[in-house]
Amino acid sequence: MNLKDLWLAIITDLEKDINRANVITWFRNTALLKVENGEMTVGLPLPMFLSWHAQNYADVTLKIAQKHQADIKKIAYEVDITLNDKDPRVIDLLKHFPMKESRKLPNKAEVKLAGGVISKMFNPRYSLDNFTIAPENRLAHAAAQTVSKHPGENYNPLFIYGGVGLGKTHLLQSVGREILRNDPSKVVVYTTTESFTNELIEGIQARNMNRFRNKYRKIDTLIIDDIQFIANKDRTQEEFFHTFNTLYDAGKQILISSDRPPQELTLLNDRLTSRFESGMIVDVKMPDYETRLAILKNKCQITQVFISDQVLEFIAFNIDSSVRALIGVLNQVIAQYELEHVAPTVKSVSEIIKRTQKDIKMIGFIKDDKTPHQAVTIEQLTDFVTDYYTIPKSEVLGESRAREYLLPRQVIMYLAKSKLRISLAKIGQYLGNRNHTTVMNAISRMQTQLQSNRQLLCDVNAITREAGIH
Ligand code: ADP
Ligand code: MG
């Protein structure tokens with residue numbers, strides 16, 4: 001086998017173990033450079049790939065290689081930055097492993113189960129194992145776990161409530177999947193209040209309510225997501241009440257989620273409220289900073305991407321509206337990483353946050369970490385700032401009073417003083433020979449603006465992290 005065929009055979013086997021996205025990310029523009037004296041040498045296009053391959057893929061790559069060529073005993077890596085997709089040594093991975101359209105929301109699809117009852121598909125990404133447990137959701141997770149092991153026994157119904165994007169659907173779906181996994185013959189239905197209502201309306205229109213009722217009564221586990229939408233739907237409430245009772249009396253498990261606790265759902269039927277209250281009621285809350293960071297780290301581990309702690313801390317610190325938003329930002333960061341092959345930085349991530357999280361409340365300064373401040377000179381600081389704003393350094397150092405240079409110059413002044421402790425006179429001298437009062441005024445203006453201008457705070461925050469002077 002020639003080197004290229006052998007490498008393709010190895011990657012093809014690898015792809016069965018590590019998922020396709022990882023293959024594309026980490027093996028694109030790699031090549032088998034040589035096999036000599038029992039040692040295979042793998043070429044990597046970027047230095048940052050080295051430690052990742054050594055830690056994660058070296059053993060498995062070697063093992064697979066040995067299957068194809070038994071005399072291979074060792075694996076070595078070499079960074080060769082000339083490797084790119086036009087290099088004849090490189091395999092066109094995208095051709096061999098076309099990316100599936102996997103980022104679509106799979107939980108839209110439906111399945112028809114025995115008895116004609118319709119359930120939404122379970123999303124295989126949701127499991128109890130990949131749910132990060134924290135004080136804010138510990139009880140909900142524990143209850144979900146118990147129900148998944150003993151459906152219909154202790155916590156019936158299980159009622160999970162909490163704000164948007166805090167993991168309710170994740171938990172409900174995990175339980176459904178787990179119950180099915182333990183007993184595939186069970187009829188487990190996951191549906192939303194909306195679908196339930198739609199089916200009901202169809203039943204009414206077809207004058208076939210019996211069919212509707214019978215269908216729902218054959219279920220072993222009924223999961224209804226977002227029950228709050230049942231408010232003001234009297235007929236749906238009525239019908240749901242009957243379905244609920246039939247299932248409940250037969251010892252079938254019911255799981256419900258809602259954005260608020262049962263007593264705050266304005267239900268027509270008080271008996272329905274008390275039914276909801278008769279089981280286990282648990283809430284999920286927004287996790288604190290530490291938990292958010294743990295969620296991000298878990299997620300990186302699951303998807304096998306490496307993102308620096310600094311970047312993860314920055315995301316965890318700034319995204320405090322919902323876990324969904326948190327993971328959304330991380331997914332964007334990963335997507336950009338996979339696409340551009342450039343490790344995310346605080347700066348690139350803050351761009352993503354600005355672009356995707358329009359309503360973000362406040363970007364504050366992140367907790368100090370233990371890393372010592374880098375020795376940064378005002379020249380280096382200026383490089384970071386001009387890079388950040390993508391403006392020419394010469395303009396900032398010159399006399400220009402144009403608005404687009406004014407702000408970056410003030411940022412440099414402010415950071416040079418507050419972080420690098422450089423004297424006003426020196427700062428002024430460096431920045432176009434300005435006198436020290438000008439510098440002082442600029443700095444105090446910045447201080448005022450930082451109180452109210454969150455964009456500016458975000459920029460300054462990103463720059464200080466980037467420069468290592470936070
Ligand atoms: P809800 O139904 O409460 O609006 P979801 O269950 O859809 O929220 O959760 C939104 C996203 O956040 C999903 O991708 C989910 O996997 C993720 N998520 C929420 N909480 C956690 C957690 N504790 N650990 C891991 N992922 C979580
Ligand atoms: Mg949901």
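Not measured: the values here are computed from a predicted model.

(A) Expanded view of the site of ligand 1. The immediate surroundings of ligand 1 are formed by 17 residues, with Thr132, Gly165, Lys168, Thr169 and His170 found nearest. Within the backbone of Thr132, one N or O atom sits 2.8 Å away from a nitrogen atom of ligand 1. A distance of 2.9 Å separates an oxygen atom of ligand 1 from a polar atom in the side chain of Arg324. For the shell around ligand 1, the secondary structure elements donating two or more residues are helix H6 (168-182) and helix H13 (323-340). When grouped by side-chain class, the residues that make up the shell around ligand 1 number seven nonpolar, eight polar and two charged. Two domains each donate at least three residues to the shell around ligand 1, and these are domain 2 (103-283) and domain 3 (289-356).

(B) Representation of the packing of aromatic side chains in the model. Counted under the stated rule, the structure contains 18 aromatic pairs. Ring plane angle 45° and centroid distance 5.9 Å describe the contact between Trp52 and Phe306, whose orientation is recorded as tilted. Here Trp52, found in helix H3 (residues 48-68), pairs with Phe306, found in the loop between helix H11 (289-303) and helix H12 (309-318); they are 254 residues apart in sequence, far enough to count as distant. Look at Trp52 and you get buried, because its relative accessible area is 11%. On the basis of relative accessible area, Phe306 is assigned to the partly exposed category, the value being 49%. Ring geometry for Phe196 versus Phe240: centroids 5.5 Å apart, planes at 90°, classification edge-to-face. Highlighted residues: Phe196 in helix H7 (residues 193-205) and Phe240 in helix H9 (residues 234-249), separated in sequence by 44 residues. Look at Phe240 and you get buried, because its relative accessible area is 0%. Connected via pairs of aromatic rings, a cluster forms that spans Phe159, Phe196, Phe212, Tyr216, Phe240, Phe244, Tyr248 and Phe276.

(C) Just the nonpolar core, in detail. In this structure, Trp7, Phe27, Met40, Ile307, Ile315, Leu381 and Val411 are the most contacted members of the largest nonpolar core, which totals 105 residues. At eight residues, the largest contribution of residues to this core is made by H13. In contact with Ile315, not counting residues within four places along its chain, are Leu296, Leu326, Val329, Leu330, Val333 and Val349. Listed in part, the 24 residues of the second largest apolar core include Leu247, Ile254, Leu267 and Leu272.

(D) Region of interest: the sheet that holds strand S9 (residues 253-258). Judged by pairing direction, the sheet is parallel, and its five strands sit side by side in the order S7-S8-S9-S6-S10 without closing on themselves. Strands with a single pairing partner mark the edges of an open sheet, and in this sheet they are strand S7 (188-192) and strand S10 (280-284). Strand-to-strand twist in this sheet, taken as the mean axis angle between neighbours without regard to direction, amounts to 15°. Bridging between strand S6 (residues 158-162) and S10 involves five bridges; their strand directions are parallel. Paired with Phe159 across the strands is Ile281, a residue of S10.

(E) Structural context of a nonpolar patch on the surface. A surface patch of nonpolar side chains, about 260 Å² in accessible area, is lined by Leu50, Val79 and Ile81. Structurally, Leu50 is set in helix H3.

(F) Region of the structure containing the packing of H11 against H12. One way to put it is that H11 packs onto H12 with a least axis distance of 9 Å and a crossing angle of 130°. Taken as axis vectors, H11 and H12 run oblique relative to one another. The chirality of how H11 crosses H12 is right-handed. Residues Tyr289, Arg292, Leu293, Leu296, Lys297 and Cys300 of H11 form the contact with H12, whose own contacting residues are Asp309, Leu312, Glu313, Ile315, Ala316 and Phe317. Its residues assigned to classes, the contact of H11 with H12 comprises eight nonpolar, no polar and four charged.

(G) How the structure looks around the domain arrangement of the protein. By the assigned domains, the protein splits into domain 1 (3-96), domain 2 (103-283), domain 3 (289-356) and domain 4 (378-467). Between the C-alpha centres of domain 3 and domain 4 there is a distance of 28 Å. If you look at the interface, domain 3 gives ten residues, while domain 4 gives nine residues. Summing the contributions of domain 3 and of domain 4, the shared interface buries around 810 Å²; its carbon and sulfur component is 49%. The shortest N-O distance in the salt bridge between Glu313 and Arg465 comes to 3.5 Å. Joining domain 3 to domain 4, the criterion identifies four residue pairs in polar contact (both at pLDDT 80 or more). Counting residues per element, the ones that place at least two in the side of domain 3 that touches domain 4 are H12 and helix H14 (346-356). With five residues, H14 is the largest single contributor of residues to the side of domain 3 that touches domain 4. For the side of domain 3 that touches domain 4, the residue count by class is two nonpolar, four polar and four charged.

(H) Examining the pattern of salt bridges more closely. According to the stated counting rule, one finds 17 salt bridges in the structure shown. Among the ionic pairs, Asp259 bridges to Arg260, the shortest N-O distance being 2.7 Å. Where salt bridges share partners, they join Asp13, Lys16 and Lys67 into one cluster.

(I) Summary view of the packing of helix H19 (residues 436-452) against helix H20 (residues 454-467). Closest axis-to-axis distance for the H19/H20 pair is 6 Å, and the angle between their directions is 110°. It follows that H19 is roughly perpendicular to H20 by the angle criterion. When the axes of H19 and H20 are compared, the crossing they make is left-handed. Together, Met446, Gln449, Leu450 and Ser452 of H19 and Arg454, Leu456, Leu457 and Val460 of H20 make up the contact between the two elements. Here the contact of H19 with H20 is built from residues that sort into five nonpolar, two polar and one charged.

Rules and cut-offs
- Residues numbered from 1 in each chain as written.
- Chains lettered and ligands numbered in written order.
- Predicted model: local features only at pLDDT ≥ 70, side-chain atom pairs only at ≥ 80, totals over all residues.
- Heavy atoms only, no water.
- Near = heavy atom within 4 Å.
- Polar contact = N/O pair within 3.5 Å; in protein donor to acceptor, adjacent residues only side chain to side chain.
- Helix = DSSP H or I, 4+ residues; strand = E, 2+ residues; numbered from the N terminus.
- Nonpolar A, V, L, I, M, F, W, Y, C, P; charged D, E, K, R; others polar.
- Domains from an automatic or database assignment.
- Phe/Tyr/Trp six-rings, centres within 6.5 Å; stacked < 30°, edge-to-face > 60°.
- Buried < 20%, exposed > 50% of the residue type's maximum accessible area, 1.4 Å probe, protein only.
- Core = buried A, V, L, I, M, F, W, Y, C linked by side-chain atoms within 4.5 Å.
- Contact = heavy atoms within 4.5 Å.
- Pairing = 2+ DSSP bridges.
- Axes fitted to C-alpha atoms, helices over the stretch in contact; angles between N-to-C directions.
- Patch = residues over 30% accessible without salt bridge, like charges linked within 9 Å, V, L, I, M, F, W, Y side chains within 5 Å.
- Areas by Shrake-Rupley, 256 points an atom, 1.4 Å probe, with all protein chains shown as cover.
- Salt bridge = Lys/Arg side-chain N within 4 Å of Asp/Glu carboxyl O.
- Parallel < 35°, antiparallel > 145°, perpendicular 65-115°, else oblique.
- Left-handed = near helix turned anticlockwise from the far one by under 90°.
- Buried area = accessible area lost by both parts, 1.4 Å probe.

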